[in-house]
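As a plain string of letters, each chain reads:
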Number of protein chains: 2
Amino acid sequence: MASFDPSIPDGTNRSLEIAVSADGVPEMERTYTIDARCGVAVRVCAGKHLTVINPSGNQVCDFWIFAAADVGEYSSMEHLHTALGSIFPKVGDGVASNLRRTLMTITKDTSVGVHDTVIASCDHARYQQLGCTQYHDNCADNLRQALIAIGLKAPAIPAPFNLWMNVPVQADGSTSFMPPVSKPGDQMVFRADMDVIAVMSACPQDVTPVNGVGVAPGILKFYVTES
Amino acid sequence: MASFDPSIPDGTNRSLEIAVSADGVPEMERTYTIDARCGVAVRVCAGKHLTVINPSGNQVCDFWIFAAADVGEYSSMEHLHTALGSIFPKVGDGVASNLRRTLMTITKDTSVGVHDTVIASCDHARYQQLGCTQYHDNCADNLRQALIAIGLKAPAIPAPFNLWMNVPVQADGSTSFMPPVSKPGDQMVFRADMDVIAVMSACPQDVTPVNGVGVAPGILKFYVTES
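Residues numbered from 1 in each chain as written. Chains lettered and ligands numbered in written order. Predicted model: local features only at pLDDT ≥ 70, side-chain atom pairs only at ≥ 80, totals over all residues. Heavy atoms only, no water.

### Side note on the interface of chain A and chain B
Chain A puts 41 residues into the contact, and the matching count from chain B is 41 residues. The residue Arg100(A) makes a salt bridge to Asp123(B) at a minimum N-O spacing of 2.6 Å. For the pair chain A and chain B, the number of links is 24 residue pairs in polar contact (both at pLDDT 80 or more). Elements with a contribution of two residues or more to the side of chain A that touches chain B: β5 (70–74), α1 (77–84) and α2 (124–129) of chain A. Counting residues per element, the side of chain A that touches chain B draws most heavily on α1(A), at four residues. (Contact = heavy atoms within 4.5 Å. Salt bridge = Lys/Arg side-chain N within 4 Å of Asp/Glu carboxyl O. Polar contact = N/O pair within 3.5 Å; in protein donor to acceptor, adjacent residues only side chain to side chain. Helix = DSSP H or I, 4+ residues; strand = E, 2+ residues; numbered from the N terminus.)

### What about unusual backbone geometry?
Its identity as a non-glycine residue notwithstanding, Trp164(A) has a phi of 70°, on the positive side. Note that Trp164(A) resides in the loop between β8 (161–163) and β9 (186–192). Judged by relative accessible area, which is 1%, Trp164(A) ranks as buried. Despite not being glycine, Glu29(B) has its phi angle at roughly 65°, a positive value. Examined against the element boundaries, Glu29(B) turns out to sit in the segment before β1 (32–34). (Buried < 20%, exposed > 50% of the residue type's maximum accessible area, 1.4 Å probe, protein only.)

### Brief notes about the pairing of strand β11 (residues 220–225) of chain A
Residues and elements named next belong to chain A. Note that strand β1 (residues 32–34) and β11 share three bridges and pair antiparallel. Bridge pairing links threonine 33 to lysine 221 in β11. As defined by bridge partners, strand β3 (residues 49–54) adjoins β11 across five bridges and the pair is classed as antiparallel. Along β11, the bridge assignment pairs valine 52 with phenylalanine 222. (Pairing = 2+ DSSP bridges.)

### Some details on the side chain of Ser86(A)
Turning to its location among the elements, Ser86(A) is positioned in the loop between α1 and β6 (94–96). Reaching out from Ser86(A), the side chain makes a polar contact with the backbone oxygen of Gly173(B) at a distance of 3.4 Å. Apart from the residues within four sequence positions on either side, Ser86(A) is in contact with Leu80(A), His81(A), Asp172(B), Gly173(B), Ser174(B) and Thr175(B).

### Focus: helix α3 (residues 139–148) of chain B
All names here are of chain B. Among the ten residues in α3, nine count as buried, and that is most of the element. Every buried residue of α3 is listed here: Cys139, Ala140, Asp141, Asn142, Leu143, Arg144, Gln145, Ala146 and Leu147. Packing partners of the buried residues in α3 comprise β2 (39–44), β4 (61–67) and β10 (196–202). Two or three places before alanine 140, at the start of α3, stands the capping residue asparagine 138, its side-chain oxygen 3.4 Å from that residue's backbone nitrogen.

### Side note on the relation of the copies chain A and chain B
Under the fitted operation, chain A is carried onto chain B by 0.0 Å of movement along the axis and a turn of 180°, and the coordinates agree to an RMSD of 0.0 Å. Such values leave the two copies arranged in the relation of a two-fold axis. Every residue of chain A has its C-alpha some distance from the rotation axis, and the shortest such distance is that of Ala171(A), at 3.2 Å. Both copies contact each other with a shared surface, as 100% of the interface residues of chain A are interface residues in chain B too. (Least-squares fit on C-alpha atoms with pLDDT ≥ 70 in both.)

### Here's the deal with the packing of aromatic side chains
For any pair of aromatic rings, the description rests on two quantities: the centre-to-centre distance and the angle between the ring planes. A complete count under the given rule lists ten aromatic pairs over all chains for this structure. With 6.2 Å between their ring centres and 90° between their planes, Phe161(B) and Phe190(B) make a pair best called edge-to-face. Taken together, the residues span a long stretch of sequence, with Phe161(B) in strand β8 (residues 161–163) and Phe190(B) in strand β9 (residues 186–192) at a distance of 29 residues. Per residue, the accessibility class of Phe161(B) equals that of Phe190(B), and both read buried. Linked through ring pairs, Phe63(A), Phe161(A) and Phe190(A) together constitute an aromatic cluster. Seen from the ring of Phe177(A), Arg126(A) lies directly overhead, with NZ or CZ sitting 5.4 Å from the centre. (Phe/Tyr/Trp six-rings, centres within 6.5 Å; stacked < 30°, edge-to-face > 60°. Lys NZ or Arg CZ within 6 Å of the ring centre and 35° of its normal.)

### As for the sheet that holds strand β3 (residues 49–54) of chain B
In a beta sheet, neighbouring strands pair by backbone hydrogen bonds and run either parallel or antiparallel. All names here are of chain B. Strand order in the open sheet formed by six strands is β1-β11-β3-β9-β7-β6, with antiparallel pairing between adjacent strands. Taken across any chain shown, the strands that pair with only one partner, and hence form the sheet edges, are β1 and β6 (94–96). Adjacent strand axes in the sheet meet at a mean angle of 30°, parallel and antiparallel pairs treated alike. One ladder, built from six bridges, connects β3 with β9; its direction is antiparallel. Within β9, the position partnered with leucine 50 by the bridge is phenylalanine 190. (Axes fitted to C-alpha atoms, helices over the stretch in contact; angles between N-to-C directions.)

The structure is reproduced here in structure tokens:
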């Protein structure tokens, strides 16, 4: 049987301390900052909108959505591919769950629309493979911690929707990790189609250039609005 | 907290009755048949080889690998994409786990090498969306049942490695479900890099043409060899 527990972080950072509130309920219209290299979870009720902001334009956001009624239902990129007939979501597209329901819908994207849905979140093993000998902040642990910080446990580490991450897929299937093509202040807006918990990680990747060349991983901002 | 249990099938078929043995240990070199629309799990010890055969050439095999020591570690297409720098695995490539270890390595592929790693397994919800009003056999349930049949529980429904499934990905990211381009008798061989449980589902999809046009979903065959 399974003994690996996906909810337990390999290490910790300030993600455990920066929750919007003890239960993840935000103040409406308040802009929150996600510290560089950290993750935050936020509850978004059905019909409300979540705006995620990329202040530098270089910063990738690993993004997951969980159904508030049962976190065993969560965003699934492989189900999204079937639902959209595409690996590149765009405005108007829903984010599908592992139960093939739409969790949230993309209602606005001020960037050119380059995002990734095929690459795993960075994690402890990834940085070990990249030659890091010490603990390195990582998106999988940020997800785990962001949920712990609002009293929940990650039931899995779902494949992420990597906002602004630039991973071109060539005709032969080859992929490459490129700097973002988004611009400072780019925003994505998601409408909740049911009560959800959205988790955002300011990707701490600084070994490959996915968060830009010659720049340190930066912050993200977000807020929730009634409509 | 999560209450959805990924191990419980939405319905059942003969997958519950066709295990190679009570614990999934096969007879070496014996050729087993996977009934049409069903799934089977088989244990493959480190160093041994699993050959999967596509008798008709039209039949897709949804394929998953679990670490025998802990089924919480399993094949992960999103981690595979990072490991390979590609969404199309080929001979010599390892199949990565969610812990970024190589579970098995592709040592032979007699087909032209068209396989899919971005599309979810068919499941109960998929067939409902395709208009089916009755229970339809599906690969997710075949995985669940194949593990139950050898005394195990699926800890998740990982994104599958869809052998011989032809889903071209265009430059704009669009995907389409096309008939296989494999030929009768095509084989893939996988070497186990650790003790694993491999699960194969003879995909019962007969609403889209992924298993060929005008043909019923068919059988698969497989055997395990010492080297």
